[in-house]
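Structure at a glance
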Amino acid sequence: MLSIKNLSVATKEKEILKNFSIDINDGEIHAVMGPNGTGKSTLSKVILGSNDYIVTSGDITFNNERLNDLTTDERAKRGIFLSFQEPISIEGVTNSEFLRTAINERRDTPIGLYEFIKELDSATSELEMPDGLLHRAINKGASGGERKKNEILQMKLLKPKFIILDELDSGLDIDSLKIVCENINKYLQENPKTSVLIITHYPRILEYIKPKYVHILLNGQIVKTGGYELATEIEKNGYSKINTMDGKLENE
Amino acid sequence: MEILGIDEEKVKAISNYKEEDDWVLKYRIDSYKKFCNIMMPSFGPYIDIDFDKIIYYKSNDYNKIENNWDNIDNNIACEFRNLGVVNSEKNLDGLGVQYESEVIYHNMIKELEEKKVIFTSIEDAMKKYPQLVKKYFATIVSNEENKFSALNGAVFSGGSFIYIPPNTKLDRPLHSYFRINSKSMGQFERTLIIVDDNSELHYVEGCTATNYSDSSLHAAVVEIYVGKNSKCRYSTVQNWAHNVYNLVTKRALVEENGIMEWIDGNIGSKVTMKYPSCILKGDNAQGTCITISVANNLQQQDTGARMIHLGKNTKSNIISKSIAKNGGNASYRGKVDIKDKALNSEAIVKCDTLILDELSKSDTYPTNICSNNTSNLEHEATVSKISPDKLFYLMSRGITKEKATELIVLGFIEKFREELPLEYAVELNQLLKNNIKIKKVIKLKIVIK
Ligand SMILES: Nc1ncnc2c1ncn2[C@@H]1O[C@H](COP(=O)(O)OP(=O)(O)OP(=O)(O)O)[C@@H](O)[C@H]1O
Ligand SMILES: [Mg+2]
């Protein structure tokens, strides 16, 4: 599904990712953990072609197609979806206008208003979100948790093949996290080929959405890969006690 | 009859042709003299008009205002059908249509006639209701105001006259539509609206013109009287062709407890200078102006609002949204003047500008005066670019850069769109979308060179 080879990413000021590589196959769930500021969000935005970063070397391949030269919207239309760590609000643009435009980008004929409202209503109720979203501006006055729910609502409507969840668990209360994860799991059951990249600091979300691999990102590279137990180990001991040697060996 | 160029004889010829009363002719000649003596505006965009090359008046063959499209020349009726004007009438209480210099169509629902509402052309009103017209005509905008209000006084033709009697509220808008079709045509309509005490009106004005390379001129004057406890809303989106100088003077006089609202959109024209104003004369009078301006390649939108507070406890609110792109210039020019006797008054000015590229420009020229210390005047201004984060967010959902920009631009003027009747909001969206399309064509031309 997604393959990143020797990716180096920098801003004008500094290098963030250095020779970063990862392979995610169809239907696999991967988690990436790492201290603040190591480049997890950078990775997620670079996969979607953000202009904030310069890719100095390396390739991002999605279903055997090189993504590097595609624009953000083209990558999204290939089936990549990012649930942002901090979703922004957009003044004056209603969810209705926004979502219908996004859905229509993926269709030959525009979605009918009735069909759209039906889909939106069922998705909002499954996420236990309040009604009346339609005519509100994107994330206008929304709390951190409400914004996260709205990200997953968009995911449900846009039906991606590859989902990146950047700290979905931050901002969501315990009950909401459970609801949101159940929605994601249902989607994964219905679309078993979908792959997921979960970025998180805590193992809780991984209890709901079980990853096959947990990777530790340090100094711009994956320094260790393990299973779910690696997440609990980090929760207990932090990053300083990680024995990176075998991680590096695995990578090489 | 067609009048090319201007002098006193030609002004008389227009008046003669219209068979006007003496007082109207005198007013025209007085205005013409003032036009000759007043200088061009000392501020704003450069105006390059050759006054000898403008057609000041052009009659149509039938000297009659029709109330049935079947009686109107088929070609012209067809044009208005294609513009959607004919069809829009079902959502209105009344429709008036002006083609070149003359009003050709006027119709109003029966109930309003029974209520003694008057909706007709200014010439017709001068003949049928001279006392009523004389009482208000040229009392709100004088012919000495500026060169173009003087010019309008000399050669005015067409425009709406509306009288809403006391204690009358209209459920749906009255609408006038103005079209320029000839080359070098000048349109000088004169609108006078009187909303008598305890009444309410929503008036909507629309306009278009065929595009020619030669400049044409639209110099209108709009006067509105808002009586005690009355409310008037005037909504317009001008979409003049890109060769039109749009130099318009619009003013409302608001009596005690009256409310005036200008909803003013500027998308077309080559140069627009327009500052709808409210004179808040009575105590507790309120004025609002929500204006948007979009300046594309080679366009200059010099727009804003003026609020003059005379009465006590008066309130005004100016919201101005400007968008500049492809080298266009969209500037805010406004004035709020709270006079010494206007105690306990309140004025809020909010100007936001969105600049879409490095080539484009925007300036703000606010004049804010508060002459007593019980009143409050707030002014807030922002200039922003399309935020890359917002673009990235929308594009990350698969929306192209063009569409994402369009959504953000439409979002920026949401406050304005909200205030428009639904059909016009849809039309406005379409206009703005077309505007973004134009951009691509222009780029292409540059590449070919
Ligand atoms: N657009 C940018 N411009 C400049 N520096 C940036 C930019 N984005 C990220 N950085 C820097 O790059 C580093 C990595 O940031 P990133 O947001 O990817 O970290 P993270 O791993 O997601 O951290 P957290 O766990 O706190 O979310 C940080 O030092 C950050 O300050
Ligand atoms: Mg992050």
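Please refer to the structure placed before this passage.
In short, a report on the structure. These numbers come from a predicted model, not from an experiment. (Residues numbered from 1 in each chain as written. Chains lettered and ligands numbered in written order. Predicted model: local features only at pLDDT ≥ 70, side-chain atom pairs only at ≥ 80, totals over all residues. Heavy atoms only, no water.)

1. Topic: the overall build of chain A
When its secondary structure is counted, chain A shows 9 helices and 12 strands. At 18 Å, chain A has a C-alpha radius of gyration in line with the 18 Å of a compact globule built from 252 residues. Overall, chain A is about 55 × 40 × 35 Å in size when its C-alpha atoms are taken along their principal axes. Taken over 252 residues, chain A has a buried fraction of 55%. When contacts within chain A are restricted to residue pairs at least 6 apart in sequence, those whose partners lie at least 24 apart make up 68%. For chain A, the accessible area works out to roughly 11,800 Å², and carbon and sulfur atoms hold 47% of it. The averaged location of the 38 negative side-chain charges in chain A is 0 Å from the averaged location of its 32 positive side-chain charges. (Helix = DSSP H or I, 4+ residues; strand = E, 2+ residues; numbered from the N terminus. Rg over C-alpha atoms; globule rule 2.2 N^0.38 Å. Buried < 20%, exposed > 50% of the residue type's maximum accessible area, 1.4 Å probe, protein only. Contact = heavy atoms within 4.5 Å. Areas by Shrake-Rupley, 256 points an atom, 1.4 Å probe, with all protein chains shown as cover. Lys, Arg positive; Asp, Glu negative; His and termini not counted. Charge placed at Lys NZ, Arg CZ, Asp CG, Glu CD.)

2. A few points about the coordination of the magnesium ion (ligand 2)
Residue and element names in this part refer to chain A. Looking at the magnesium ion (ligand 2), the protein donor atoms are Ser-41 (OG) and Gln-85 (OE1), and they sit 2.0 Å from it. With Ser-41 in helix H1 (residues 40-47) and Gln-85 in the loop between strand S6 (80-83) and strand S7 (90-94), this residue pair connects regions lying 44 residues apart in the sequence. The class for Gln-85 is partly exposed, based on a relative accessible area of 26%. (Donors = N, O, S within 2.8 Å, 3.2 Å for Na, K, Ca; no water.)

3. Observations regarding the interface of chain B and chain A
Taken together, the 19 residues of chain B in the interface contact 31 residues of chain A. A combined buried area of about 2,100 Å² lies between chain B and chain A, and 66% of that area is made up of carbon and sulfur atoms. Per-residue buried area on chain B facing chain A is highest for B:Phe392, B:Tyr393 and B:Arg397; these three make up 37% of the total on that side. Our enumeration of links across chain B and chain A arrives at 4 salt bridges. For B:Lys403, the salt bridge goes to A:Glu105, with nearest N and O atoms at 3.6 Å. At the junction of chain B with chain A, the criterion picks out 8 residue pairs in polar contact (both at pLDDT 80 or more). Elements represented by at least two residues in the side of chain B that touches chain A include exactly helix H9 (388-395), helix H10 (401-412) and helix H11 (414-419) of chain B. By residue number, the principal contributor to the side of chain B that touches chain A is H9(B), which donates 6 residues. Taken together, the residues of the side of chain B that touches chain A sort by class into 8 nonpolar, 4 polar and 7 charged. (Buried area = accessible area lost by both parts, 1.4 Å probe. Salt bridge = Lys/Arg side-chain N within 4 Å of Asp/Glu carboxyl O. Polar contact = N/O pair within 3.5 Å; in protein donor to acceptor, adjacent residues only side chain to side chain. Nonpolar A, V, L, I, M, F, W, Y, C, P; charged D, E, K, R; others polar.)

4. A closer look at the pattern of salt bridges
When their charged atoms lie close together, side chains carrying opposite charge are able to pair. Residue and element names in this part refer to chain B. Enumeration over the complete set of coordinates arrives at 43 salt bridges over all chains. Linking Glu-102 and Lys-18 is a salt bridge whose minimum nitrogen-to-oxygen distance equals 2.9 Å. You can see Glu-102 sitting in strand S4 (residues 102-108) and its partner Lys-18 sitting in the loop between helix H1 (8-17) and helix H2 (22-37), a full 84 residues away along the chain. On the basis of relative accessibility, which here comes to 13%, the residue Glu-102 falls in the buried class. Judged by its relative accessible area of 7%, Lys-18 is buried. A salt bridge links Glu-223 to Arg-190, with the shortest nitrogen-to-oxygen separation between them at 3.1 Å. Here Glu-223, found in strand S12 (residues 221-226), pairs with Arg-190, found in strand S9 (residues 190-195); they are 33 residues apart in sequence, far enough to count as distant.

5. Thoughts on the site of ligand 1
Residues and elements named next belong to chain A. The full set close to ligand 1 counts 16 residues, and Lys-14, Lys-40, Ser-41, Thr-42 and Tyr-53 are the nearest of them. Between ligand 1 and Gly-37, the relevant distance is 2.9 Å, taken from an oxygen atom to a main-chain nitrogen or oxygen of the residue. In the environment of ligand 1, an oxygen atom lies 3.0 Å from a nitrogen or oxygen atom belonging to the side chain of Gln-85. The protein chains hide 70% of the 630 Å² of surface that ligand 1 would expose on its own. Broken down by element, the residue count for the shell around ligand 1 peaks at 3 residues, all from H1. Grouping the amino acids of the shell around ligand 1 by side-chain chemistry returns 2 nonpolar, 9 polar and 5 charged. (Near = heavy atom within 4 Å.)

6. Section: the pairing of strand S22 (residues 329-338) of chain B
The side chains of a regular strand alternate, residue by residue, between the two faces of the sheet. Residues and elements named next belong to chain B. Buried residues dominate S22, accounting for 9 of its 10 residues. Here strand S19 (residues 300-303) pairs with S22 via 4 bridges, running parallel. By the bridge assignment, Gln-301 is partnered in S22 with Ala-330. Sheet analysis places strand S20 (residues 306-309) next to S22, joined by 4 bridges and oriented parallel. Among the inter-strand pairings, His-309 is bridged to a residue of S22, identified as Ile-338. Looking at chain direction, S22 and strand S24 (residues 364-370) are connected through 7 bridges and run parallel. (Pairing = 2+ DSSP bridges.)

7. Some details on the packing of aromatic side chains
Residue and element names in this part refer to chain B. Per the stated rule, a full pass over the model turns up 20 aromatic pairs over all chains. Residues Tyr-56 and Phe-188 carry aromatic rings whose centres are separated by 5.5 Å and whose planes lie at 10° to one another, so their mutual orientation is stacked. Linking Tyr-56 in strand S2 (residues 55-58) with Phe-188 in the loop between strand S8 (186-187) and S9, this pair joins segments that are 132 residues apart in sequence. Relative to Tyr-225, the ring of Tyr-136 has its centre 4.9 Å away and its plane inclined at 50°; by these criteria the two rings are tilted. You can see Tyr-136 sitting in helix H7 (residues 130-136) and its partner Tyr-225 sitting in strand S12, a full 89 residues away along the chain. Across the pair, Tyr-225 and Tyr-136 agree in class, each one buried. Through a chain of ring-to-ring contacts, three or more aromatic side chains come together here, namely Trp-69, Phe-80, Tyr-99, Tyr-105 and Tyr-177. Above the ring of Phe-35, the side-chain terminus of Lys-147 is found at 4.4 Å from the ring centroid. When the ring centre of Tyr-393 is taken as origin, the NZ or CZ atom of Arg-397, which lies over that ring, is 4.9 Å away. (Phe/Tyr/Trp six-rings, centres within 6.5 Å; stacked < 30°, edge-to-face > 60°. Lys NZ or Arg CZ within 6 Å of the ring centre and 35° of its normal.)

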